[in-house]
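# Analysis of the macromolecular model
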Amino acid sequence: NIMRKLALLLVLVVMSMNAQEKVSLNVSVDGRLALLGDENNSPLTANILVKIEMQGNQQTWGFMHIAPEYEYADLSSGNYHRYSANVGYTFNKFAIERLEVGGAMGFGFIIHKSHGTFFSLGAQVDFGYRVTDRLRFVTTMQLVDRTEKRRLVSSIFGGVKYYLN
C-alpha cells in the first residue's frame, strides 16, 4: 500500500523532470517523535515526510517551487496519512554560501484511521545546507491544521534532499 503510493510519486517525478529546472526528492523524519515521543506516542514512533520539489528557474535571490508531499505516521491512535500540494519560494543566494532558506504554504487532506478524512492547510519553513551539488541536509519546520485535534500542530523534521537532475 505505502510502496504503491511511493511508486506513484516516483512516476510523477520522472514525468515532471523535463518540465522543471531541477527536481529533488526530500525524505525526512519527525525528530520529536523519533527521539522523545509525545503525550500519546512513545519514542521511536515513525513519522516520515516525503516531498518531491519541482523548481522554477533560478532568479536573483532564489527560485519558486511546487511540491507534492506525503506524510505517514504510525500513531497510537491509528495510521496517519497526509497528502498535500505546496507552493513556495527558496532563497539560495546568501552571504552564507551553502545555506538555503525557503517557505511554502499548502493544502491537502488527512486520512487518520481513528478520525476519518478531512481537509488540511499547512505552512512550512525549510533550511538546507548544501553538501554537494546534488545533496542537501534539510530541516523542515511544519505547522499543520489538524481538524481532528481542533488545533495547529507543529513538527520539526530532519533529513536529506537529493536532486534527481
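Refer to the structure above for everything that follows.
For the structure given in this document, a descriptive report is provided here. Note that the structure is predicted; figures quoted are calculated from it, not measured.

This paragraph deals with the pairing of strand β1 (residues 22–30). Pairing between β1 and strand β2 (residues 47–55): eight bridges, direction antiparallel. Note that in β2 the partner of Val27 across the bridge is Val50. Sheet analysis places β1 next to strand β8 (residues 151–163), joined by seven bridges and oriented antiparallel. Counterpart to Val29 in the pairing with β8 is Gly158.

A few words on the layout of surface pockets. Counted as a void, the largest pocket has a volume near 300 Å³. Forming the boundary of the largest pocket are 24 residues, of which Asp38, Leu75, Arg146, Lys149 and Val153 lie nearest the centre. Of all elements in the fold, only α2 (31–35), β3 (62–75), β7 (135–146) and β8 reach the threshold of two or more residues within the lining of the largest pocket. Here the second largest pocket defines a volume of roughly 190 Å³. Around the second largest pocket sit 14 residues that line it, and Lys22, Asn92, Glu100, Arg130 and Arg136 are the ones nearest its centre. When the residues that make up the lining of the second largest pocket are grouped by side-chain class, the tally is three nonpolar, three polar and eight charged.

What follows deals with the sheet that holds β8. In space, the eight strands of this closed barrel follow the order β1-β2-β3-β4-β5-β6-β7-β8, with antiparallel pairing throughout. Direction aside, neighbouring strands of the sheet carry axes that sit 25 degrees apart on average. Alignment of β2 against β3, held across seven bridges, turns out to be antiparallel. Of the residues in β3, the one forming a bridge with Leu49 is Glu71.

The subject of this paragraph is a nonpolar patch on the surface. On the surface, a nonpolar cluster with roughly 270 Å² of combined accessible area is contributed by Leu25, Val27, Val29 and Ile48. If one sorts the elements of the nonpolar patch by residue count, β1 sits on top with three residues. Relative to the helices and strands, Val27 resides in strand β1. Look at Val27 and you get partly exposed, because its relative accessible area is 36%.

Right, let's get into the side chain of Asn41. Examined against the element boundaries, Asn41 turns out to sit in the loop between α2 and β2. Here Asn41 falls in the buried class, since its relative accessible area comes to 9%. Ignoring anything within four residues of it in the chain, the contact list for Asn41 reads Leu33, Leu75 and Ser76.

On to the packing of aromatic side chains, then. Following the criterion strictly, the structure yields three aromatic pairs and no others. A centroid spacing of 4.9 Å and a plane angle of 65 degrees characterise the contact between Tyr89 and Phe91, whose relative ring orientation is edge-to-face. According to the relative accessible area criterion, Tyr89 is partly exposed, its value standing at 22%. Phe91 gets classed as partly exposed once you look at its relative accessible area, which sits at 40%. Through a chain of ring-to-ring contacts, the aromatic side chains of Tyr70, Tyr83 and Phe109 assemble into a single cluster. For Lys22, the ring lying beneath its charged end belongs to Tyr163, and the centroid distance is 5.2 Å.

Turning our eyes to something else, we now look at the pattern of salt bridges. For side chains bearing opposite charge, pairing can occur when the charged atoms are close. Under the criterion given, the structure shown has six salt bridges. In this structure, the salt-bridge partner of Lys51 is Asp126, at a minimum N-O distance of 3.1 Å. Taken together, the residues span a long stretch of sequence, with Lys51 in strand β2 and Asp126 in strand β6 (residues 116–130) at a distance of 75 residues. Look at Asp126 and you get buried, because its relative accessible area is 11%. Note that Glu71 is salt-bridged to Arg82, the shortest N-O span being 2.9 Å. In this pair, Glu71 sits in strand β3 while Arg82 sits in strand β4 (residues 78–91), placing the two residues 11 residues apart along the sequence. Looking at Arg82, the relative accessible area reads 5%, which means it is buried. Connected via shared salt-bridge partners are Glu69, Glu71 and Arg82.

The rules behind each value
- Residues numbered from 1 in each chain as written.
- Predicted model: local features only at pLDDT ≥ 70, side-chain atom pairs only at ≥ 80, totals over all residues.
- Heavy atoms only, no water.
- Pairing = 2+ DSSP bridges.
- Helix = DSSP H or I, 4+ residues; strand = E, 2+ residues; numbered from the N terminus.
- 1 Å grid on protein atoms, 1.4 Å probe; cavity = no way out; pocket = protein on both sides within 12 Å on 5 of 7 lines; lining within 4 Å.
- Points joined across faces, edges and corners; volume = space filled by probe spheres on them.
- Nonpolar A, V, L, I, M, F, W, Y, C, P; charged D, E, K, R; others polar.
- Axes fitted to C-alpha atoms, helices over the stretch in contact; angles between N-to-C directions.
- Patch = residues over 30% accessible without salt bridge, like charges linked within 9 Å, V, L, I, M, F, W, Y side chains within 5 Å.
- Areas by Shrake-Rupley, 256 points an atom, 1.4 Å probe, with all protein chains shown as cover.
- Salt bridge = Lys/Arg side-chain N within 4 Å of Asp/Glu carboxyl O.
- Buried < 20%, exposed > 50% of the residue type's maximum accessible area, 1.4 Å probe, protein only.
- Contact = heavy atoms within 4.5 Å.
- Phe/Tyr/Trp six-rings, centres within 6.5 Å; stacked < 30°, edge-to-face > 60°.
- Lys NZ or Arg CZ within 6 Å of the ring centre and 35° of its normal.

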